[in-house]
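In case you want the letters, here they are:
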Amino acid sequence: MTMTQNSEPSEPFDARASSLNDVDPAVFEELLRMRGTIDNIDAALVHMLAERFQATQRVGLLKAQYQLPPGDPHREAAQIDRLRRLAESARLDPEFAEKFLNFIISEVIRHHERIAEDHNRDREATGGNE
Ligand SMILES: O=C(O)C(=O)C[C@]1(C(=O)O)C=C[C@@H](O)C=C1
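On a predicted model such as this, the values are computed, not experimentally measured, just so you know.

Draft legend 1. Representation of the environment of Gln67 in the model. Within the fold, Gln67 resides in the loop between helix H1 (25–65) and helix H2 (73–89). Take Gln67: its relative accessible area is 55%, and that puts it in the exposed class. For Gln67 and Ala116, which are 49 residues apart along the polypeptide, the C-alpha to C-alpha distance reads 7.9 Å.

And the structure:
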């Protein structure tokens, strides 16, 4: 898969798409203003997650090169503890924050495992040299 950085999707986005019927037009406009904020936040989330995964790909390569395990449970415990406290002070449900981080990390570990498999296959193919 090729990725182009910072490119906007070519398909237009219908910000007015809705299944709601019989809504007072003024109420619908108010709803659209709120949805505009949601759309901006969702776009920021996608960009931030893309940056995070680019960083973890580099970690995955480093771990594969030095034969380090994909997961680091002590690091994860510290991250979860920190994120739960951040969530509390931001009035976000800490359970949700923990689940969200665990969801992302499990995907990262899957990527790390794949990177390590590819790396080991390449090393075997080149006779054990880097
Ligand atoms: O920091 C690492 O060692 C990573 O591999 C990154 C990361 C993460 O996504 O934050 C993923 C897996 C580890 O268990 C811990 C943290």
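Draft legend 2. Inspection of the site of the ligand at higher detail. In the vicinity of the ligand lie 14 residues, with Arg52, Lys63, Asp72, Glu76 and His112 positioned nearest. One of the side-chain nitrogen or oxygen atoms of Lys63 is found 2.7 Å away from an oxygen atom of the ligand. Here His112 contributes a side-chain N or O atom positioned 2.8 Å from an oxygen atom of the ligand. Here the ligand has 360 Å² of accessible area as a free molecule, and 90% of this is covered by the chains. When residues of the shell around the ligand are traced back to their parent elements, those giving at least two are H1, H2 and helix H3 (94–125).

Draft legend 3. Fine view of the pattern of salt bridges. The full count for this structure, using the stated rule, is seven salt bridges. The partner of Arg16 in a salt bridge is Glu29, with the nearest N and O atoms 2.6 Å apart. In this pair, Arg16 sits in the segment before H1 while Glu29 sits in helix H1, placing the two residues 13 residues apart along the sequence. Owing to a relative accessible area of 32%, Glu29 belongs among the partly exposed residues under this scheme. Because the salt bridges share partners, they merge into one network encompassing Arg84, Glu95 and Glu98.

Draft legend 4. Geometry of a nonpolar patch on the surface. There is a patch of nonpolar side chains on the surface, built from Leu20, Val23 and Val27 and spanning about 230 Å² of accessible area. Topologically, Val27 is positioned in helix H1.

Draft legend 5. Region of the structure containing the layout of surface pockets. Its volume calculated, the second largest pocket comes out at about 480 Å³. Looking at the second largest pocket, it is lined by 18 residues, and the ones nearest its centre are Leu83, Leu86, Ala97, Phe100 and Leu101. Among the elements that take part in the lining of the second largest pocket, H2 stands out by supplying seven residues, more than any other. Broken down by class, the residue content of the lining of the second largest pocket amounts to 14 nonpolar, one polar and three charged.

What counts and what doesn't
- Residues numbered from 1 in each chain as written.
- Predicted model: local features only at pLDDT ≥ 70, side-chain atom pairs only at ≥ 80, totals over all residues.
- Heavy atoms only, no water.
- Helix = DSSP H or I, 4+ residues; strand = E, 2+ residues; numbered from the N terminus.
- Buried < 20%, exposed > 50% of the residue type's maximum accessible area, 1.4 Å probe, protein only.
- Near = heavy atom within 4 Å.
- Polar contact = N/O pair within 3.5 Å; in protein donor to acceptor, adjacent residues only side chain to side chain.
- Areas by Shrake-Rupley, 256 points an atom, 1.4 Å probe, with all protein chains shown as cover.
- Salt bridge = Lys/Arg side-chain N within 4 Å of Asp/Glu carboxyl O.
- Patch = residues over 30% accessible without salt bridge, like charges linked within 9 Å, V, L, I, M, F, W, Y side chains within 5 Å.
- 1 Å grid on protein atoms, 1.4 Å probe; cavity = no way out; pocket = protein on both sides within 12 Å on 5 of 7 lines; lining within 4 Å.
- Points joined across faces, edges and corners; volume = space filled by probe spheres on them.
- Nonpolar A, V, L, I, M, F, W, Y, C, P; charged D, E, K, R; others polar.

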